[in-house]
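A structural walkthrough
Listed below are the residues making up each chain.
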Amino acid sequence: MKISVDWMKELVAWEDEPEALAVKLTAAGLNVEGIEQYEQSYPGVVVARVVHRQKHPNADRLSLCRVDDGSGEEVQVVCGAPNVREGLTVLFGRVGAVLPGDFKLKKTKIRGIESFGMICSASELQLSVESEGIMELDTELPPGTSADELYGFRDVVLDIEVTPNRPDWLNHLGIAREIAAIYGTKVSTPRCWSSQQSAESLGLKVQIDDYEDCSRYTAFAAKDVRVGDSPRWMQNRLLAVGSRPINNIVDITNYVLLEMGQPMHAFDASEIRGDVIRVGCAGAGQKVVTLDGQEREMTAEDLLVWDGERPIAVAGVMGLANSEVGGETRDIVLESAFFAPGRVRTTSRKLGLISEASYRFERGADWGMVEKAARRALYLMQEYAGARVVSDWADRADPDHKDFEPVPLRTWQVNRVLGTELSTGDVAQMLQNLGLKVQPMGNAESSNRSAVNMMVEIPSFRRDLLQEVDLIEEVARCHGFDQLSTDQGLARRGGNPRRRIDEVQQSIRSWFAHNGYHEMVTSTFFAEKDLENLELPGDDPRAETLAVVNPHHGGDTRLRTALLPSLLHVARRHLNSGAPVPVRLFQMNRVYLPAVTPPRPLRRDEEKQLPHEPLLLQFGVAGRTGGDLDSLPGDLREIKGILEELSVTLRIPLKLQEGGPEKWYEAGNQWSVLDGGGNVVGTAGRVAAELADRFAIEVPVAVAEIDLDRLDLKPQPVEYTPFSRFPGMRRDLSLMVPEGVRYGQIEEAVVASGGPLLVGQELFDVYRGKGVPEGRGAYGIRLKFRSDKGNLKAKAVDKAVANILRELEDRLDIKHRSSEG
């Protein structure tokens, strides 16, 4: 959730700088992942007046103008806008100005006439989505005044991680409550519309087919609206948090959603047929066109909003084009509802359509905010769209709906769990600061373990507070986790030793991120089609899967037995979105193998039915990396190098052995990964082109996978080897290597015959072509020699080189072409 500090200051007061605020929010459980300095600036764009306008001599639709930009000399500019005229005050981009999108203005020649700059439209400055001509300013500011004085905006934006159980943090008002609790201040409630009695009727009835799908639906009407641009301050705030302004009506519904957390939708009232709005399921095969212009086919499980004849919205997801608010709209109907999270999630996932509204409905909206948010939107429409709000409105709600039951809280239990000595008054004040209502009991100050000191009323926006321990956690957040005692209650960080697997995972994450790899967090489920694409043989334990028996969603239902499909899906999405190639990814996740008996000891017989759940490390490279070496592609070289460096970093022996059992790798381009004892702990290779094609990937993909549960994660001890005080010697050899001989074989022969003076060898070049006999390749290898006993003599090194060359020729038929010292 992106939070505008400028916006937040309207809702709550605090004294700290944004950085200090972020620290305190994080300490209270709201993880601030980033702080962004947002700036809307127009360097080089100034206020100007059109002094002269005439028709372009070489083009009918262009004008040749002179403008006063405050520089002391009139500037010639060619303009294509139909509304340009003498005397008009405009925004003018001088030569060298940088417009949004990093577009730099230069002196140009248009139809043979030089043009020094540009008279700007609102869309060119990203001040509106569309514009039919240049901006016409109504201002007394003199020419040369920077456009920033009119349209510049600066803000600080906090990027806050919101956990699934806290949908109340998905809006500025929810974060304002937390800030108020931290600083002991009050939240300012945004101004809302207050209904006034009149004889005017809404003219619509609301029907809900099933309250399980929609437990509340409200409809309001606003007449005589003027659809246009929203006020500049509203556009600035929306842009700062990543929302694109469209028009004042749509912007207001989006603004209130981000301010108060309640999704709403505005319909063009003239497009609503009949006198009823109904919430009910779609008919099988029902086709609709959503606001994004896409035709979508619905099923009987999808929830729609209907007028008297047809659907007008996909409930909780997106409106339909047939009732969209546009420039000609004069009357609107405003929807504010509470749709069932499961219904919205099913439809959203099935359609692949995730909106700001569906994101919030899926997590559970706030029942109590349905009406309040609508009244807030109506107030803004009165102020900024000239709306006349009809006092009559419809509110259809589940008659069996019940508020949350009050939760009893014992001060004794709070202090026992947290190791504190808080009074009942302290606890009550902390909870009230969070917006909870506290009712003291008759024994409010009792310290008896069974005495209930207060009853806490749970507001509709705190669906996560169900029992006493939840309230105790809220007290801990307010009191400060760093203030908790270690004697009786919670232990501070560092009290318990970390498991080796946790240390290894942290090291792996840091190491891969440092080397340019991006971590994937993927679903534990995969599609049946993914399993079919792998074409696993019937006796492969990964062919057998566990599936959810009665799924209540439209997503995948099989627990994955392999990680490869998830990596290929993520790689495809990155490639299709234009990500730079190669795409480097890694993940550490579990697979679920019901056909494999878990190796851990079983405590109960029922555990025999549980699947084996190994933890796998997988990393891959999608796209060509360059750096091919002979027949070894660059991506496989990178995978090999990563495995070798990872082994050194973790101090866990890993080595590669040619060949392996996986059918999804290219023949001849796969390895088995072995541990120090020679046991197979993983595989590596290039994904077969046929398999990549089934996942719609057109570039090569190289992958490695290690079963971390099979590894001995105890790091090898670090041994100190003193440095030699004597210089070494180097020999570069050029070898004529027969086709089919692997460098690993060459390396083995060199090590076996090099003697005690040989301390290292490396391959630095491979060449095939002119001057090299057919069937052979020219390999350049570098040998390093050193003695700890004294300076080396050339004769000793020459003798070692001669032994190596003899061994290479006898064992592998490798001829020596030349050598250098």
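Residue numbers run consecutively from 1 along every chain, following the written order of its sequence. With pLDDT at 70 or above as the cut-off, local features in this predicted model cover only qualifying residues; side-chain atom pairs require 80 or more to be listed or tallied, and sums for whole chains, interfaces and linings still use all residues. The side-chain figures draw on all heavy atoms in the structure; neither hydrogens nor water molecules are used.

1. Things to note about the pattern of salt bridges
Rules: The term salt bridge refers to a pairing of a side-chain nitrogen on Lys or Arg with a carboxyl oxygen on Asp or Glu at a separation within 4 Å. To qualify as a helix, a DSSP run of H or I must reach at least 4 residues; to qualify as a strand, a run of E must reach at least 2; elements of each kind are numbered from the N terminus. Per-residue accessibility, obtained with a 1.4 Å probe over protein chains only, is compared with the maximum for each type, and a residue is labelled buried under 20%, exposed over 50%, and partly exposed between these values.
Under the definition given, this model contains 55 salt bridges. With its nearest N and O atoms 3.0 Å apart, the salt bridge here joins Arg477 to Glu178. Remark: Glu178 occurs in helix H4 (residues 172-183) and Arg477 occurs in helix H12 (residues 468-479); sequence separation between them is 299 residues. Among the residues examined, Glu178 registers a relative accessible area of 4% and is labelled buried. Across the pair Arg710 and Asp707 runs a salt bridge whose closest N-O atoms are separated by 3.3 Å. Residue Asp707 is classed as buried on the basis of its relative accessible area of 9%. Among the charged side chains, a salt-bridge network with shared partners connects Arg166, Asp168, Glu178, Arg462, Asp464, Glu474 and Arg477.

2. Some details on the confidence of the model for the chain
Atom-level detail of predicted coordinates should not be read off regions where pLDDT is low. Filter applied, for reference: pLDDT is a per-residue confidence score from the predictor, ranging from 0 to 100. Two residues qualify as a contact provided that any one of their heavy atoms is within 4.5 Å of a heavy atom in the partner residue.
When pLDDT is averaged along the chain, the result is 90; 96% of the residues meet or exceed 70. A low-confidence stretch, residues 488-495 (pLDDT under 50), is modelled with 13 contacts involving residues beyond four sequence positions or located in other chains.

3. Some remarks on the nonpolar core
Put simply, the test is: For our purposes a nonpolar core is just a set of buried Ala, Val, Leu, Ile, Met, Phe, Trp, Tyr and Cys residues, chained together by side-chain atoms within 4.5 Å.
Ile249 and Leu334 are the most contacted members of the largest nonpolar core, which totals 56 residues. Within the second largest apolar cluster, 40 residues are counted, among which are Leu202, Ile272, Ile312 and Val317.

4. Overview of the layout of surface pockets
One water molecule sets the probe size; rolling that probe over the atoms shows where empty space is left. As a reminder, the rule being used: Each cavity reported here is a set of points on a 1 Å grid over the protein atoms alone in which a 1.4 Å probe fits but cannot get out, each pocket an open set with protein on both sides within 12 Å along at least five of seven lines, and each lining residue one with an atom within 4 Å of a point. Grid points are joined across faces, edges and corners, and a volume is the space filled by probe spheres set on the points. Throughout this entry, Asp, Glu, Lys and Arg are counted as charged residues, while Ala, Val, Leu, Ile, Met, Phe, Trp, Tyr, Cys and Pro are counted as nonpolar. The remaining residues, Gly among them, count as polar.
Its boundaries defined by the atoms lining it, the largest pocket holds a volume of some 1400 Å³. Along the wall of the largest pocket there are 44 residues; nearest its centre are Leu632, Lys640, Trp671, Tyr743 and Gly744. Within the residue set of the lining of the largest pocket, elements represented by two or more residues are helix H16 (634-650), strand E33 (654-658), strand E34 (665-675), helix H18 (743-753) and strand E38 (758-767). Of the residues contributing to the lining of the largest pocket, the split by class is 14 nonpolar, 17 polar and 13 charged. Approximately 1000 Å³ is the volume found for the second largest pocket. In this structure, the second largest pocket is lined by 40 residues; those nearest its centre are Val250, Asn254, Ser355, Glu356 and Ala357. Within the residue set of the lining of the second largest pocket, elements represented by two or more residues are helix H6 (248-260), strand E15 (264-268), strand E20 (311-314), strand E21 (318-319), strand E22 (332-339) and helix H8 (356-363). For the lining of the second largest pocket, the per-class residue count stands at 24 nonpolar, nine polar and seven charged.

5. Observations regarding the environment of His172
Its location among the elements puts His172 in helix H4. It is 9.2 Å that separates the C-alpha atoms of His172 and Leu257, two residues lying 85 residues apart in sequence. In this view, His172 contacts Met1, Lys2, Ile3, Ser4, Trp7, Met8, Leu11, Val241, Leu258 and Glu259; residues no more than four positions away in its chain are not counted.

6. Focus on the pairing of strand E13 (residues 205-208)
On any regular strand, side chains alternate: one points to one face of the sheet, the next to the other face. Rules: Strands qualify as paired when DSSP identifies two bridges or more between them.
Residues of E13 alternate between two faces, with Val206 and Ile208 buried on one and Lys205 and Gln207 left unburied on the opposite face. Two strands pair when backbone bridges link them, and E13 and strand E16 (residues 276-281) are joined in this way by four bridges, in the parallel orientation. Across the sheet, the residue bridging to Val206 is Ile277, located in E16.

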